[in-house]
Amino acid sequence: MVMGPTHAMSGAAVGLAVAQILPAEWGGVTTATEAFIYAGLAAGAALLPDLDSPQATVSRSFGPITQVISRFTENICQTFVNVTRGRKDKHCNNGHRTLTHTVWSAAATGAGATALIGAYGKPAVIGLLFFFLGLAIRGLMPEWSKNADWLLVTGASAALAVGVWNYAPESSFGIVLGSAITVGSLTHLAGDMATKAGIPAFAPVIPLKGKRWWNLKLPKFLSIRANGPADKFLLFVFSVAVIIQIGLVSSGNMSTIMMNLLSPAL
Ligand SMILES: [Zn+2]
């Protein structure tokens, strides 16, 4: 596993970039504030798949509440694997890195968030923001703050969500924000795919040699070790990308740059 800070920071960096190129037919991301909300959701969603591990730091984001969600998720995932496994898949004793680490789960959580925002609008965005900022803050916190700070995390994400509720322009709560959950989750999957074990990205829909829960991974020479030099380097790169993009989005130049970058390809 790539470490939490790298996951959260990569989600923010990818979220900020993707926010600029969303098609106008989806409503697009129209304001700088909306781009930042999008990035906040994506940063938190970049930790969402690891809610399948009660031991993961992210599962302590909201103390006992996320611990219960996490145990429940791990059990459901484990059962799901055992029900859907192919003849060559081993019996699953731990649901970590299974169902929540598939592209289907990334698509479904984004669709769920989109449906919520479609039905309830601004309150749904604020609720999602509260939850995902909690995950993002926890992901960014260094290891040493592991234990007794969940109330602090909850307070901080609540304060940020209330701030957005009060000060963000009304045009910042588009239904398009739901896609940030898929974007963040896919960023997590890309990060985990770069580690030795890989992830079952297409399980159980696409079988391979009698296995339904086979892991997709990068070639060995490209795989990285959690908390190793490559992980730290990636964290540095994504942090710089986030800082530069925050400046560009605030000054209103980011979408022109993204469009220019993409135009040769179009
Ligand atoms: Zn993971």
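Residues numbered from 1 in each chain as written. Predicted model: local features only at pLDDT ≥ 70, side-chain atom pairs only at ≥ 80, totals over all residues.

Taking an unreviewed UniProt entry as the reference, the protein chain is identified by name as Metal-dependent hydrolase belonging to Corynebacterium glutamicum.

Engineer: For the overall build of the protein chain, give the residues involved together with the corresponding values.
Structural biologist: A count of helices and strands for the protein chain gives nine helices and zero strands. Counting helices and strands in the order they occur from the N terminus, the protein chain gives α-α-α-α-α-α-α-α-α. In the protein chain, buried positions account for 46% of the 266 residues. Taking as baseline every contact in the protein chain between residues at least 6 positions apart, the subset at least 24 positions apart corresponds to 72%. (Helix = DSSP H or I, 4+ residues; strand = E, 2+ residues; numbered from the N terminus. Buried ≥ 20, exposed ≤ 12 C-beta atoms within 10 Å, placed from the backbone. Contact = placed C-beta atoms within 7 Å.)

Engineer: An account of the packing of helix 4 (residues 103-120) against helix 5 (residues 122-140) is requested, with residue identities and associated values reported.
Structural biologist: To characterise two packed helices, one gives the angle between the axes of the helices and the distance between these axes. Where helix 4 contacts helix 5, the two axes come as close as 6 Å, and the packing angle between them is 140°. With respect to their mutual orientation, helix 4 and helix 5 come out oblique. Note on element contacts: helix 5 touches helix 4 through Pro123, Ala124, Val125 and Leu128, opposite Ala113, Leu116, Ile117, Ala119 and Tyr120. Per-class residue counts for the contact of helix 4 with helix 5 are nine nonpolar, no polar and no charged. (Axes fitted to C-alpha atoms, helices over the stretch in contact; angles between N-to-C directions. Parallel < 35°, antiparallel > 145°, perpendicular 65-115°, else oblique. Nonpolar A, V, L, I, M, F, W, Y, C, P; charged D, E, K, R; others polar.)

Engineer: I'd love a proper account of the confidence of the model for the protein chain, names of residues and values included.
Structural biologist: Counting all residues, the mean pLDDT for the protein chain is 90, and 96% of those residues have values of 70 or more. Put simply, helix 9 (residues 254-262) is where the protein chain has its lowest mean pLDDT, 78, and helix 4 is where it has its highest, 97. (pLDDT = per-residue confidence, 0-100.)

Engineer: Which residues make up helix 1 (residues 4-19), and what are the values?
Structural biologist: Helix length check: helix 1, at 16 residues, gives a terminal C-alpha distance of 22 Å against a target of 22 Å (1.5 Å per residue), a fit within 8%. Across the 16 residues that make up helix 1, a large majority, 16, are buried. (Expected span 1.5 Å × (residues − 1).)

Engineer: Help me get a handle on the packing of helix 1 against helix 5, residues and values and all.
Structural biologist: Viewed as axis vectors pointing N to C, helix 1 and helix 5 meet at an angle of 130°, and their least axial separation amounts to 7 Å. Between helix 1 and helix 5, the angle is such that the two are oblique. Judged by the twist between their axes, the crossing of helix 1 over helix 5 is left-handed. Taken together, the residues of helix 5 that come into contact with helix 1 (itself represented by Gly4, Pro5, His7 and Ala8) are Ala136, Gly139 and Leu140. When the residues that make up the contact of helix 1 with helix 5 are grouped by side-chain class, the tally is four nonpolar, three polar and no charged. (Left-handed = near helix turned anticlockwise from the far one by under 90°.)

Engineer: With reference to specific residues and values, describe the UniProt feature "transmembrane region" (unreviewed entry) in the protein chain.
Structural biologist: In the numbering adopted here, UniProt assigns the feature "transmembrane region" (unreviewed entry) to residues 124-141, 148-167 and 233-252. The annotated region residues 233-252 carries 90% helix and 0% strand content, and the separation between its end C-alpha atoms amounts to 28 Å. (UniProt positions renumbered as here; feature names shortened; annotations may be inferred.)

Engineer: Outline the environment of Gly11, supporting the account with residue identities and numerical values.
Structural biologist: Along the chain, the position of Gly11 falls in helix 1. Residue Gly11 is classed as buried on the basis of its 34 C-beta neighbours within 10 Å. Separated by 35 residues in the primary sequence, Gly11 and Ala46 have C-alpha atoms spaced 5.2 Å apart. Residues within four places of Gly11 in sequence aside, it is in contact with Ala42, Ala43, Ala45, Ala46, Gly184 and Thr187.

Engineer: Please give an account of the environment of Phe173 that cites residues and values.
Structural biologist: With respect to the helices and strands, the residue Phe173 is situated in the loop between helix 6 (150-167) and helix 7 (179-193). Leave out the neighbours within four places in its chain, and Phe173 touches Gly121, Lys122 and Val125.

Engineer: Give a description of the nonpolar core that names residues and reports values.
Structural biologist: One broad rule of soluble globular proteins: the nonpolar side chains tend to lie buried together. Counting residues in each nonpolar core, the largest one holds 59 residues, and the members touching the most others are Ala12, Leu16, Tyr38, Ala39, Leu41, Ala42 and Leu129. Top element by residues in this core is helix 5. It accounts for ten residues. Setting aside anything within four residues of it in sequence, one finds Leu129 in contact with Ile37, Gly40, Leu41, Ala161 and Val164. The next biggest cluster of nonpolar side chains, apart from the first, holds six residues, and it includes Cys77, Leu99, Trp213 and Trp214. (Core = buried A, V, L, I, M, F, W, Y, C linked by C-beta atoms within 7 Å.)

Engineer: Account for unusual backbone geometry, with residues named and values stated.
Structural biologist: With the exception of glycine, most residues fall at negative phi, and the peptide bonds are largely trans. The omega torsion across Ala203 and Pro204 is -10°, close enough to zero to call that bond cis. Checked against the element boundaries, Pro204 lands in the loop between helix 7 and helix 8 (229-250). With phi around 60°, Arg97 is a residue other than glycine that occupies positive phi space. Mapped onto the fold, Arg97 is located in the loop between helix 3 (64-84) and helix 4.

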